[in-house]
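Residues per chain are reported as follows:
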Amino acid sequence: MVNATILQPDVVVAHKCLLGEGPVWDAKRQVICWVDILNGEIHEYAPDQKKHQTIYVQQMIGSLAVCKNGNYLVALQNGFAYINRTTGELQMLSDPEAHLPGNRFNDGKCDPAGRFFAGTMALSEAPKAGGLYLLENNASHKKQLEEISISNGMAWSLDHQTFYYIDSPTYEVAAFDYDKSTGSICNKRIIIKVPQEDGCPDGMTIDSEGMLWIAHWNGWQVARWNPGTGEKLYHIPMPVAKITSCTFGGQSLEDLYITSASVDLTDGDLKMQPLAGSLFVVRNCGFKGLPAFEFDI
Ligand code: CA
């Protein structure tokens, strides 16, 4: 068992996001990719080469996935797009919510079949204004869920039979039966209820033992939860309050990368948590992740 006192989150690179989010480990290139939603930026960092690159997207970016061809699929304020990783060129694909200009895309992730799931939210954070969408590889999309408030963390069980999902203001993690052949989800049940004092559940990933790792917004922690029992197993205290998401990376997927935010912090808050907005890593965290699914194009 890991001794929590020896796990130390380190800052990966001296860059602070307003709203850092959506970390994805690109195993082929051995780089960690993440977004700054509000500044419309994609960040990439190669730990081996200590090289940091930024792509400026010119609109809010909720999440990204790496495509099999190496480029990015992204969920932007105004819909889905491809981004050429070399040139930064953006090609819009579709906008499922063109009729809802007050919404933007938020968290998203590729499913085990190489499709992309991404959800939306109201810029005003008005309740139940968003949805969850599935983007097929032919760029068509379908709505999976409606009346979502702040669509956030997603993960698939190790056997690909279950989809785990967080609509943050519910303080719950839901599970659905997941059909890998179609991407359909059904039979919703609540599997985890997060106490308010732990902070709001945000981004999520799964480890090689099938346990969920949840970033706790305003909770100063990432925590490991058992989706079978609903029990909180373990947590890593963080030096900043707004923990947004996490994923496993590194050569053997044993480094836990954790994003954070500095948005809406007062000067006083920032004095207390000067690292807010940083990307953190807990190297050799004692747990192991799974490779990120790639968009099949
Ligand atoms: Ca989020």
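Data block above holds the structure.
Residues numbered from 1 in each chain as written. Predicted model: local features only at pLDDT ≥ 70, side-chain atom pairs only at ≥ 80, totals over all residues. Heavy atoms only, no water.

(A) Structural detail: the layout of surface pockets. Within this model, the largest pocket holds a volume of roughly 460 Å³. The wall of the largest pocket is formed by 30 residues, among which Lys109, Thr205, Pro291, Ala292 and Phe293 lie closest to the centre. When contributions to the lining of the largest pocket are tallied by element, the ones reaching two or more residues are strand 2 (20–26), strand 6 (61–66), strand 10 (103–110), strand 14 (151–156), strand 18 (200–206) and strand 22 (243–249). Counted by class, the lining of the largest pocket contains 21 nonpolar, 7 polar and 2 charged residues. For the second largest pocket, the calculated volume is near 390 Å³. Contributions of two or more residues to the lining of the second largest pocket are made by strand 10, strand 11 (116–122) and strand 18. No other element matches the 3 residues that strand 18 contributes to the lining of the second largest pocket. The class makeup of the residues in the lining of the second largest pocket is 12 nonpolar, 3 polar and 5 charged. (1 Å grid on protein atoms, 1.4 Å probe; cavity = no way out; pocket = protein on both sides within 12 Å on 5 of 7 lines; lining within 4 Å. Points joined across faces, edges and corners; volume = space filled by probe spheres on them. Helix = DSSP H or I, 4+ residues; strand = E, 2+ residues; numbered from the N terminus. Nonpolar A, V, L, I, M, F, W, Y, C, P; charged D, E, K, R; others polar.)

(B) Inspection of the sheet that holds strand 19 (residues 212–217) at higher detail. An order of 18-19-20-21 is seen for the 4 strands of this open sheet, with the pairing classed as antiparallel. Only two strands of the sheet have a single partner each, and these edge strands are strand 18 and strand 21 (232–237). Direction aside, the axes of adjacent strands within the sheet are offset by 25° on average. Summarising the sheet, strand 20 (residues 221–225) and strand 21 pair through 5 bridges and their orientation is antiparallel. Each residue of the ladder has a partner; that of Trp225, found in strand 21, is Lys232. (Pairing = 2+ DSSP bridges. Axes fitted to C-alpha atoms, helices over the stretch in contact; angles between N-to-C directions.)

(C) Local environment of the sheet that holds strand 15 (residues 162–167). With respect to topology, 4 strands assemble into an open sheet ordered 14-15-16-17, the strand pairing being antiparallel. Each of the sheet's edge strands pairs with one partner strand only, and the pair in question is strand 14 and strand 17 (185–193). Between one strand axis and the next, the sheet turns through 25° on average, direction left out of account. Direction of pairing for strand 14 relative to strand 15: antiparallel, over a ladder of 4 bridges. Looking at strand 15, one finds that Met154 is bridged to Tyr165.

(D) Quick look at the pairing of strand 13 (residues 141–148). Judged from the 6 bridges that link them, strand 12 (residues 130–135) and strand 13 form a sheet pairing that is antiparallel. Residue pairing in the sheet places Leu132 in a bridge with Leu145 of strand 13. Adjacent in sequence and paired antiparallel, strand 12 and strand 13 are bridged by 5 residues, among which Ala139 carries a positive phi angle near 75°.

(E) Structural view of the nonpolar core. Trp213, Val222, Ile236, Leu256 and Ile258 are the most contacted members of the largest nonpolar core, which totals 30 residues. At the level of secondary structure, the elements contributing two or more residues to this core comprise strand 3 (31–36), strand 19, strand 21, strand 22, strand 23 (255–260) and strand 24 (280–282). Those residues in contact with Ile258 that lie beyond four places of it in its chain are Val222, Met238, Ile243, Ser245, Cys246, Ser278, Leu279, Phe280 and Val282. Ile37, Ala46, Val57 and Ala81 belong to the second-largest nonpolar core, a separate cluster that totals 20 residues. (Core = buried A, V, L, I, M, F, W, Y, C linked by side-chain atoms within 4.5 Å. Buried < 20%, exposed > 50% of the residue type's maximum accessible area, 1.4 Å probe, protein only. Contact = heavy atoms within 4.5 Å.)

(F) View of the pairing of strand 6. Of all 6 residues in strand 6, 6 are buried; the element is thus mostly enclosed. Relative to strand 7 (residues 72–76), strand 6 runs antiparallel, the two sharing 5 bridges. Bridged to Ala65 within strand 7 is Leu73. Counting the residues in the hairpin turn of strand 6 and strand 7 gives 5 residues, including Gly70, whose phi is positive at 95°.

(G) How the structure looks around the coordination of the calcium ion. At 2.1 to 2.3 Å from the calcium ion lie its protein donor atoms, namely Glu21 (OE), Asn152 (OD1) and Asp202 (OD). For the calcium ion, all donor residues lie on one chain, and their spacing in sequence is E-x130-N-x49-D. Of this pair, Glu21 sits in strand 2 while Asn152 sits in strand 14, placing them 131 residues apart in sequence. By relative accessible area, which is 3% here, Glu21 ends up buried. (Donors = N, O, S within 2.8 Å, 3.2 Å for Na, K, Ca; no water.)

(H) View of the environment of Gly22. Counting through the fold element by element, Gly22 comes out in strand 2. On the accessibility criterion, Gly22 (9% relative accessible area) is buried. Expressed as a C-alpha distance, the spacing of Gly22 and Phe176, which sit 154 residues apart in the sequence, is 22 Å. If near-sequence neighbours (up to four positions away) are discounted, Gly22 is found in contact with Cys33, Trp34, Ser245 and Thr259.

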